[in-house]
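Overview (structure and organization)
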Amino acid sequence: MAKEQKEKIKKLNKLSASQKQSLAIVFILVLIAVYIITQCYSVMNMRLQTQTALLSTVYDEIEATALVVRDEHIVSSQSGSVTVPSVSNGEKVKNGGQLATVFGSTENAAAYASYLELESELAYYAQMESQAVGQVTDVESLDADILQNVNSYIRNNAAKDFQSCKADSALLNDKFTRRQMLIGQDIDFASIVTEITSQMDAINLNSCKPVGYVSADASGVFSDYTDGLEQAFDYKSIEEIDAETLQGYIENAQTAVPTEDMGKLITSFDWYMCAVVNTADIAVLADGAKVDVAVKGTDKVYTCKIISGADSELGQEQAVLVLKSSEMSSDIASLRVEDIQIRTQEYTGIKVSPDAVHIKDGEKGVYALVSSVVEWRKAEVLYTGKDFVVLSYSADEGGGIKLYDEIIIKGKELHDGKVYT
């Protein structure tokens, strides 16, 4: 057997150069034939793919890095003591209103907070004992409210909004108690009141009372977020800021170190976003106009008025765009240097794959599958993205795309009236 194998190898080695070349050509031709057959099979047996027609909105956007400037000043803690905020983050405060309570030690602050919480619980259970369940008369609606509060607690906890979490917990406790009463379960209010009273008596209230208070020196919005830059920028002249000054401000802000202060007071609802942009990108904008600005990495969008920068001089390549908003919240209070998207144009329509678009009788459109029958839908391309297009939609337009149409994005030999089974 080994001898026969050696003979075959010798014969192969004896093939001439032309014979070897012929074998190579035959091999290549076989590969080409297999490829062509595979492609033809794919085309002849292309599976139909559809996409449901839904409304989407996309934007022409200018991306920039913006500095956020507010009229704000620090609310300092008293040295050698423990300062506890009396207002929640983002809460409005009147001039002279109480911002914080001052205690001699952390232990005193904790004990006093516990006493006030127990006092609130005592009043709650005393009230519950003396009244009916309330206006809710069925368990299902009460359970729906409980589920809503649970979801709210989860969202607020994820957002680290612990003040709202505390409020959600109180509401849940109230509704669980009412549910017990509604389904006929006995609640021993007397023992609950006794237990709370006992816990209150165990706290030496006189020894842990506040030693002072912090009051607001102006009306405004309180924020517990500080970054040490509250007085670093010239708020009054920010509308006339130049590119060099803005760049210096941004560099300063990017290396800032947060402070240990109690918080800050924002004394004006007007705040600014300032960014250096290319003048070619803002040609469609004008000073005095309003634009929507999205903060990247969040779901927040703010409507701002263009104060300056859009009406640039001829030949100017860059400009400082100054945007102003009068909306204020705890989220806005913590913005400083942000990557933003300035929305210059909005397109709302049907977002589909570019493969879905065809031309029929000189007009663009798509094919939709309706009860296994292919139907033509005319449409204009409003916007072209990297891997999608946005097509026109009008509920009143005859022959156009309808919401929830099954748009064909892949299929063979498509034409109006073709039946797919």
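Up top you'll find the structure we're talking about.
Below is a short write-up of the structure. Quantities reported herein were computed from a predicted structural model and do not represent experimental measurements. (Residues numbered from 1 in each chain as written. Predicted model: local features only at pLDDT ≥ 70, side-chain atom pairs only at ≥ 80, totals over all residues. Heavy atoms only, no water.)

Here we come to the overall build of the chain. In terms of regular secondary structure, the chain is built from nine helices and 20 strands. Across the 421 residues of the chain, 32% fall into the buried class. Nonlocal contacts in the chain, meaning residues at least 24 apart in sequence, comprise 75% of its contacts between residues at least 6 apart. When the accessible surface of the chain is totalled, it reaches about 25,400 Å², and 50% of it is carbon and sulfur. (Helix = DSSP H or I, 4+ residues; strand = E, 2+ residues; numbered from the N terminus. Buried < 20%, exposed > 50% of the residue type's maximum accessible area, 1.4 Å probe, protein only. Contact = heavy atoms within 4.5 Å. Areas by Shrake-Rupley, 256 points an atom, 1.4 Å probe, with all protein chains shown as cover.)

Glancing now at unusual backbone geometry. One non-glycine residue, Asp-361, lies in the positive phi region at around 55°. Here Asp-361 shows up in the loop between strand S15 (358-360) and strand S16 (363-370). Looking at Asp-361, the relative accessible area reads 76%, which means it is exposed. A positive phi is found at Glu-413, a non-glycine position, where the angle reads about 50°. Looking at the element boundaries, Glu-413 is found in the segment after strand S20 (406-410).

As a further point, take the side chain of Ser-325. By the element assignment, Ser-325 lies in strand S13 (residues 318-325). For Ser-325, a relative accessible area of 3% translates into the label buried. In this structure the side chain of Ser-325 is engaged in a polar contact, spanning 3.2 Å, whose partner is the backbone nitrogen of Glu-327. Beyond its immediate chain neighbours, meaning those up to four positions away, Ser-325 contacts Phe-269, Asp-270, Trp-271, Thr-303 and Cys-304. (Polar contact = N/O pair within 3.5 Å; in protein donor to acceptor, adjacent residues only side chain to side chain.)

This part takes up helix H8 (residues 243-254). When the terminal C-alpha atoms of H8 are compared, their 16 Å separation across twelve residues agrees well with the 16 Å that a helix rising 1.5 Å per residue should span. Contacts from the buried residues of H8 go to strand S2 (55-69), strand S10 (271-278), S13 and strand S14 (337-352). With a side-chain oxygen positioned 3.1 Å from the backbone nitrogen of Glu-244, the residue opening H8 is Asp-242. (Expected span 1.5 Å × (residues − 1).)

Moving on to helix H6 (residues 189-201). The first and last C-alpha atoms of H6 sit 18 Å apart over 13 residues, in line with the 18 Å expected at 1.5 Å per residue. Every buried residue of H6 is listed here: Phe-189, Ile-196 and Met-200. Viewed along the axis of H6, the buried residues span an arc of 45°, placing them on a single side of the element. Among the exposed residues of H6, those pointing more than 90 degrees away from its buried face are Thr-194 and Asp-201. (Arc of directions from axis to C-beta.)

Tallied over the entire structure, the rule returns eleven salt bridges. Where Glu-63 meets Lys-296, a salt bridge forms, and the shortest distance between an N and an O atom there is 3.6 Å. You can see Glu-63 sitting in strand S2 and its partner Lys-296 sitting in the loop between strand S11 (290-295) and strand S12 (301-308), a full 233 residues away along the chain. Note on Glu-63: relative accessible area 51%, which makes it exposed. A salt bridge links Asp-331 to Lys-300, with the shortest nitrogen-to-oxygen separation between them at 3.3 Å. (Salt bridge = Lys/Arg side-chain N within 4 Å of Asp/Glu carboxyl O.)

Across a regular strand the side chains alternate sides, sitting on one face of the sheet and then on the other. One ladder, built from six bridges, connects S16 with strand S17 (residues 373-378); its direction is antiparallel. From the neighbouring strand, Val-370 faces S17, where its bridge partner is Val-373. Once S16 ends, the chain turns through two residues before running back antiparallel as S17, passing Ser-371 with a positive phi of about 50°. (Pairing = 2+ DSSP bridges.)

With that settled, consider the packing of aromatic side chains. Applying the stated criterion to the full structure yields seven aromatic pairs. For the pair Trp-271 and Tyr-302, a centre-to-centre distance of 5.7 Å together with 90° between the ring planes defines the contact as edge-to-face. In this pair, Trp-271 is assigned in strand S10 and Tyr-302 in strand S12, connecting sequence segments 31 residues apart. Summarising the burial analysis for this pair, Trp-271 and Tyr-302 share the class buried. With 6.0 Å between their ring centres and 20° between their planes, Tyr-383 and Phe-388 make a pair best called stacked. For the cation-ring pair, Arg-343 lies above Tyr-59, with the distance from its terminal atom to the ring centre recorded as 3.8 Å. (Phe/Tyr/Trp six-rings, centres within 6.5 Å; stacked < 30°, edge-to-face > 60°. Lys NZ or Arg CZ within 6 Å of the ring centre and 35° of its normal.)

With that out of the way, let us pick up the sheet that holds strand S8 (residues 220-223). If you trace the four strands from one edge of the open sheet to the other, you get S3-S9-S8-S5, paired in antiparallel fashion. Each edge of the open sheet carries a strand with a single partner, namely strand S3 (72-75) and strand S5 (92-93). Looking at chain direction, S3 and strand S9 (residues 263-266) are connected through four bridges and run antiparallel. Across the sheet, the residue bridging to Glu-72 is Ile-266, located in S9.

Judged by nonpolar contacts, the single largest core of 28 residues is most densely connected at Met-273, Leu-285, Leu-321, Leu-323 and Ile-342. Secondary structure elements with two or more residues in this core: S2, S10, S11, S12, S13, helix H9 (330-333) and S14. With near-sequence residues (within four places) excluded, Leu-321 lies in contact with Met-273, Cys-274, Ala-275, Val-277, Ile-282, Leu-285, Ile-306, Ser-308, Gly-309, Ala-310 and Ile-342. Ranked by size, the runner-up nonpolar core spans 15 residues in total, among them Leu-67, Val-69, Leu-229 and Tyr-272. (Core = buried A, V, L, I, M, F, W, Y, C linked by side-chain atoms within 4.5 Å.)

This part is about the sheet that holds strand S6 (residues 98-103). One open sheet accounts for three strands, arranged S4-S6-S7; its pairing is antiparallel. Strands with a single pairing partner mark the edges of an open sheet, and in this sheet they are strand S4 (82-85) and strand S7 (212-215). Each strand of the sheet is rotated relative to its neighbour by a mean of 30°, with strand direction disregarded. In the sheet, S6 pairs with S7 via four bridges, with the strands oriented antiparallel. Residue pairing across strands places Ala-100 opposite Val-214, the latter belonging to S7. (Axes fitted to C-alpha atoms, helices over the stretch in contact; angles between N-to-C directions.)

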